[in-house]
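Residue strings, one per chain:
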Amino acid sequence: MDEARKDEGLQALGAETTYRTDYAPEVLETFLNKHPDNDYWVQFNCPEFTSLCPITGQPDFAEIRISYIPGERMVESKSLKLYLFSFRNHGDFHEDCVNIIMKDLIRLMQPKYIEVTGYFTPRGGISIYPYANFGRTGTKYEELAKHRLMNHSIEK
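Scoring rules and cut-offs
Residues numbered from 1 in each chain as written. Predicted model: local features only at pLDDT ≥ 70, side-chain atom pairs only at ≥ 80, totals over all residues. Heavy atoms only, no water. Core = buried A, V, L, I, M, F, W, Y, C linked by side-chain atoms within 4.5 Å. Buried < 20%, exposed > 50% of the residue type's maximum accessible area, 1.4 Å probe, protein only. Helix = DSSP H or I, 4+ residues; strand = E, 2+ residues; numbered from the N terminus. Contact = heavy atoms within 4.5 Å. Pairing = 2+ DSSP bridges.

Asks: Outline the nonpolar core, listing residues and values.
Replies: One finds F49, I64, I66, L80, I101, L105 and I114 to be the most contacted residues of the largest nonpolar core, which totals 30 residues. Put simply, the parts of the chain that give this core at least two residues each are strand 2 (42-52), strand 3 (59-69), strand 4 (73-75), helix 2 (77-85), helix 3 (94-109) and strand 5 (113-123). Looking at this core, the element that brings in the most residues is helix 3, giving seven residues. Setting aside its immediate chain neighbours within four residues, F49 contacts D60, F61, A62, I64, L84, F87, C97, I101 and F120. Counting five residues, the second-largest nonpolar core is a separate cluster that includes I69, Y113, Y131 and A145.

Set out below in structure tokens:
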């Protein structure tokens, strides 16, 4: 086993991939941020996100973009991929998926700041682009969250 993987307790990285088809936040893993005193952005783009409409059961397709300023811990990318894949048979509205993803990542790693956007493809002739963000309470990141939300323009 790779030493870094062993030291961090990571299970998914370097292991045989098992894809869950049910919502599975427990697959998410973190590792220590080597630069917790620095403010810097990390962005993930998942252009092949799928979930199900909770009413019709029809598939919904989206690009999910996650941007965050890490605190002490960071999300491990393979576990994030497996987590996002677990929405495949999960029935929730677009807005719910984006908020669930953000809240799960907040619980997991306590970032300084995070935002999640879903660029859902049109169904019935209309696209939906939900956006959610969070900044650590009582910090400059809380102010950043307010500013970015109030001045947010979603463009694909």
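Still more ground to cover, so stick around.
Asks: Residues and numbers for the pairing of strand 5, please.
Replies: In terms of burial, strand 5 is a largely internal element, eight of the eleven residues being buried. Where strand 3 meets strand 5, eight bridges bridge the pair, whose relative direction is antiparallel. Bridge pairing links I66 to V116 in strand 5. In this structure, strand 5 lies alongside strand 7 (residues 131-135), joined through five bridges in antiparallel fashion. From the neighbouring strand, Y113 faces strand 7, where its bridge partner is G135. Strand direction decides the pairing type here: strand 5 and strand 6 (residues 126-128), joined by two bridges, are antiparallel. When the sheet's bridge partners are listed, F120 is paired in strand 6 with I128. Turn length for the strand 5-strand 6 hairpin, with the two strands adjacent in sequence and antiparallel, is two residues, and the turn residue G124 shows positive phi of about 70°.

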